Amino acid sequence: MTDEQIIERNRKIDRLKAIKEETDSLKAEKDRLEGELIADCKSELENTKNKTFTYTTENGTSATFTMADNLVIDYPSRLKLIFGNAYEDLVETETKYTIKPKGKQILIDMFSGKYTENVTLEQAINQLPTDERTLKKLEKKLKGKKFDTDKKNLMNIGGFSEDDASDYAYLLAEAANWQEFETMLKMSGITDKQGVDEILNLINSSVHVETQEKLSVK
């Protein structure tokens, strides 16, 4: 190897080292900035029912923070006891347990306490503080399934403030969650409080929910 080749090789090695150090430094800065922005966004979402928050700079760059609940099955064998006769409709049976999205959402909602016992969606809508004519319009639009859609309809049709619409949309979602859960239990003939409580206890002892946080910048 000539002196020139040795010099070139050493230059490449030194450059690789510099790139690695720069990359490590940039990653550390990226992690720090993301951590600070996530903390800021979580602070913005504190005491609200929203799961997403977006900052937009004067240059048009946006940073969107999202929280999502991830269901973890601790005791898969108990799923059949939980879902009963609805098991085949809500769980795909393979070599591993794959819960369909609807079944997964039921478990997340029940474990996380995102429900209001013994209140149907219709009852929750009828409790909204507005006139009968507006209620009739809202009954056709409010489903308790999509928070943002319900919130928008509560503001546009019901005339509620953004904060009130957010609170009411969350209450409607809780009522819809319980109604979905009760419907599932009735498929297995479970209607008494003791039976319902047993299933809730099974859920709480069989799964847990991890909240995933994600920040995307565009």
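Okay, so let's go over this structure. These numbers were taken from a predicted model, which means no experiment stands behind them.

For the protein chain, the count of helices and strands is nine helices and five strands. Shown N-terminal to C-terminal, the secondary structure of the protein chain runs as helices and strands in the order α-β-β-α-α-β-β-α-α-α-α-α-α-β. Its C-alpha atoms give the protein chain principal-axis dimensions of about 85 × 50 × 25 Å. Among the 218 residues that make up the protein chain, the fraction classed as buried is 30%. Surface summary for the protein chain: the accessible area is close to 14300 Å², and the carbon and sulfur share equals 49%. Averaging the locations of the 33 positively and 41 negatively charged side chains of the protein chain gives two centres separated by 5 Å.

This part is about the pattern of salt bridges. Across all of its chains, the model carries 10 salt bridges by this definition. The shortest N-O distance in the salt bridge between Glu36 and Arg32 comes to 3.4 Å. You can see Glu36 and its partner Arg32 sitting in helix H1 (residues 3-45), four residues apart, about one turn around the helix. Looking at Glu36, the relative accessible area reads 43%, which means it is partly exposed. With its nearest N and O atoms 3.2 Å apart, the salt bridge here joins Glu180 to Lys102. With Glu180 in helix H8 (residues 162-186) and Lys102 in helix H4 (residues 101-111), this residue pair connects regions lying 78 residues apart in the sequence. Taking the relative accessible area as the measure of exposure, Lys102 reaches 49% and is therefore partly exposed. Where salt bridges share partners, they join Lys102, Lys145 and Glu180 into one cluster.

Turning next to the packing of H8 against helix H9 (residues 193-206). At a minimum axis separation of 11 Å, H8 and H9 run at an interaxial angle of 110 degrees. Judged on the interaxial angle alone, H9 and H8 are roughly perpendicular. Touching Trp178, Phe181 and Leu185 of H8 are Val196, Ile199, Leu200 and Ile203, all from H9. Counted by class, the contact of H8 with H9 contains seven nonpolar, no polar and no charged residues.

What follows covers unusual backbone geometry. In this structure, Asn118 takes a positive phi of about 60 degrees despite not being glycine. In this structure, Asn118 sits in the loop between H4 and helix H5 (121-126). We classify Asn118 as exposed; its relative accessible area is 57%.

Here the focus is the side chain of Asn177. Position of Asn177 among the secondary structure elements: in helix H8. Excluding its chain neighbours within four sequence positions, the residues that come into contact with Asn177 are Asp109, Met110, Lys114 and Tyr115.

Applying the stated criterion across every chain yields a total of four aromatic pairs. Note on Phe160 and Tyr168: the rings are 5.1 Å apart at their centroids and 65 degrees apart in plane angle, and the pair reads as edge-to-face. Given the relative accessible area of 12%, Phe160 is considered buried. Residue Tyr168 is classed as partly exposed on the basis of its relative accessible area, which comes to 22%. Where Trp178 meets Phe181, the ring centres are 5.5 Å apart and the plane angle is 55 degrees; that geometry is what we call tilted. On the criterion of helical spacing, the pair formed by Trp178 and Phe181 is a turn pair, its members being three residues apart in helix H8.

Relative to the elements of secondary structure, Ile7 occurs in helix H1. Residue classification places Ile7 among the exposed residues on the basis of a relative accessible area of 58%. Through-space distance from the C-alpha of Ile7 to that of Ala165 is 69 Å; in sequence the pair is 158 residues apart.

Scoring rules and cut-offs
- Each chain has its residues counted from 1, running along the sequence as written.
- Only residues with pLDDT of at least 70 get local features here, since the model is predicted, and only at 80 or more are side-chain atom pairs given and counted; chain-wide, interface and lining totals rely on the full set of residues.
- Side-chain metrics rest on all non-hydrogen atoms present in the structure, leaving aside hydrogens and water.
- Working definition: helices are DSSP H or I runs of at least four residues, strands are E runs of at least two. Numbering for both runs from the N terminus.
- Per-residue accessibility, obtained with a 1.4 Å probe over protein chains only, is compared with the maximum for each type, and a residue is labelled buried under 20%, exposed over 50%, and partly exposed between these values.
- Surface accessibility in these figures is a Shrake-Rupley result with a 1.4 Å probe; residues are shielded only by whichever protein chains are displayed.
- When charges are counted, Lys and Arg are positive and Asp and Glu negative, with His and the chain ends excluded.
- For this purpose, a charge sits on NZ of Lys, CZ of Arg, CG of Asp or CD of Glu.
- Whenever Lys or Arg places a side-chain nitrogen within 4 Å of a carboxyl oxygen from Asp or Glu, that contact is recorded as a salt bridge.
- All axes here are fitted lines through C-alpha atoms, helices being fitted over the stretch that makes contact, and every angle between N-to-C directions spans 0 to 180 degrees.
- These descriptions rest on fixed angle ranges, namely under 35 degrees for roughly parallel, over 145 for roughly antiparallel, 65 to 115 for roughly perpendicular, and the rest for oblique.
- Contact between two residues is taken to exist if any of their heavy atoms lie within 4.5 Å; hydrogens are not considered.
- Gly is placed with the polar residues, together with every amino acid not listed as nonpolar (Ala, Val, Leu, Ile, Met, Phe, Trp, Tyr, Cys and Pro) or charged (Asp, Glu, Lys and Arg).
- In this analysis, rings of Phe, Tyr and Trp, with Trp reduced to its six-membered ring, are considered paired at centre separations within 6.5 Å, and the interplanar angle assigns stacked below 30 degrees, edge-to-face beyond 60, and tilted for intermediate values.

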